[in-house]
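# Remarks on the overall topology
Letter by letter, the chains look like this.
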Amino acid sequence: MMAIEYRGDEILFVVAIPDETSGETLARPFNQTAGSTSISADSIDLDTKDKSGSDYGKVTREISIEGVISEGDPFVDYIEEAMTSKEFVKIYEVNTRTKKAKHGLFMVSSFEKSFGTGDFATYSLSGTLNGKLSEETLTEIPEGAQ
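Now for a quick tour of the structure. Computed from a predicted model, the values in this text were never measured in an experiment.

Rules behind the numbers
- Residues numbered from 1 in each chain as written.
- Predicted model: local features only at pLDDT ≥ 70, side-chain atom pairs only at ≥ 80, totals over all residues.
- Heavy atoms only, no water.
- Buried < 20%, exposed > 50% of the residue type's maximum accessible area, 1.4 Å probe, protein only.
- Helix = DSSP H or I, 4+ residues; strand = E, 2+ residues; numbered from the N terminus.
- Pairing = 2+ DSSP bridges.
- Phe/Tyr/Trp six-rings, centres within 6.5 Å; stacked < 30°, edge-to-face > 60°.
- 1 Å grid on protein atoms, 1.4 Å probe; cavity = no way out; pocket = protein on both sides within 12 Å on 5 of 7 lines; lining within 4 Å.
- Points joined across faces, edges and corners; volume = space filled by probe spheres on them.
- Nonpolar A, V, L, I, M, F, W, Y, C, P; charged D, E, K, R; others polar.
- Axes fitted to C-alpha atoms, helices over the stretch in contact; angles between N-to-C directions.
- Contact = heavy atoms within 4.5 Å.
- Salt bridge = Lys/Arg side-chain N within 4 Å of Asp/Glu carboxyl O.

Let us look at the pairing of strand β5 (residues 89–95). Among the 7 residues of β5, 5 are classified as buried, and the element is accordingly described as predominantly covered. Looking at chain direction, strand β1 (residues 11–19) and β5 are connected through 6 bridges and run antiparallel. Bridge assignment links Val 15 to a residue of β5, and that residue is Ile 91. Where β5 and strand β6 (residues 100–114) come together, 6 bridges link them in antiparallel fashion. Among the inter-strand pairings, Val 94 is bridged to a residue of β6, identified as Ala 101. Counting the residues in the hairpin turn of β5 and β6 gives 4 residues, including Lys 99, whose phi is positive at 65 degrees.

Following this line, the structure appears as structure tokens:
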């Protein structure tokens, strides 16, 4: 069986924005340029007369999303409001081939907007998972910038 590699643009990040009528609306941040996830673990060292070794301590999952700030994108305002209100943000990591998604509540630890002369205005988000991830298959993937 031949393995087919993924391209970076086949993995998207989607944010659930609270909505008074439907509960939440899945919004794809427009013009994502990069995204990544990272899982790290602290170790607990064991050293007794009987054995020595390491075991898992705290496991942390972090997420990073970058993109170009675009007119009409609800993502930027929502993230700023969520941080100001100290609210967790539901973020999905979506495989566009299979529509399978992992999602969880993230504490947004930083949200930076950059406005360099001669460049597009950009954003960069970093967050840490609070709790566990859930999995589901989406029926459709929200559209990005038109």
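On we go from here.
Turning next to the packing of aromatic side chains. Following the criterion strictly, the structure yields 3 aromatic pairs and no others. Here Phe 75 and Phe 111 contribute two aromatic rings whose centre-to-centre distance is 6.1 Å and whose plane-to-plane angle is 75 degrees, an arrangement assigned as edge-to-face. Within this pair, whereas Phe 75 is found in helix α1 (residues 74–84), its partner Phe 111 is found in strand β6, the two being separated by 36 residues in sequence. With respect to burial, Phe 75 and Phe 111 carry one shared label: buried. Between Phe 75 and Tyr 123, the aromatic rings sit 5.0 Å apart at their centres with planes inclined by 55 degrees, giving tilted as the arrangement. Here Phe 75 is found in helix α1, whereas its partner Tyr 123 is found in strand β7 (residues 122–137), with 48 residues between them in sequence. Residue classification places Phe 75 among the buried positions, given a relative accessible area of 0%. Overall, the relative accessible area of 2% leaves Tyr 123 in the buried class.

Here the focus is empty space enclosed by the protein. Over the atoms rolls a probe the size of a water molecule, and in doing so it shows where empty space is left. What the rule picks out here adds up to 1 cavity of 30 Å³ or more. Put simply, the largest cavity is a space of about 50 Å³. Of all the secondary-structure elements, those providing two or more residues to the lining of the largest cavity are β4 (52–68), β5 and β6. By residue class, the composition of the lining of the largest cavity is 5 nonpolar, 2 polar and 3 charged.

Another point: the sheet that holds β4. Taken together, the 7 strands give an open sheet; going across it, the order is β2-β1-β5-β6-β7-β4-β3, and neighbouring strands pair in antiparallel fashion. The open sheet terminates on both sides in strands that have one partner only, identified here as β2 (23–27) and β3 (32–47). Along the sheet, successive strands turn relative to each other by an average axial angle of 35 degrees, direction set aside. Summarising the sheet, β6 and β7 pair through 13 bridges and their orientation is antiparallel. Among the inter-strand pairings, Ser 114 is bridged to a residue of β7, identified as Thr 122. Running over the sheet, α1 touches β1, β2, β5, β6 and β7 and is turned about 80 degrees from β6.

Once that is clear, we can look at the pattern of salt bridges. Evaluated as defined, the whole model comprises 5 salt bridges. For Asp 9, the salt bridge is made with Arg 7, and the minimal N-O distance between the two is 2.8 Å. Given a relative accessible area of 53%, Arg 7 falls into the exposed group. Salt-bridge contacts for Glu 93 lead to Arg 61; the nearest nitrogen and oxygen are separated by 3.5 Å.

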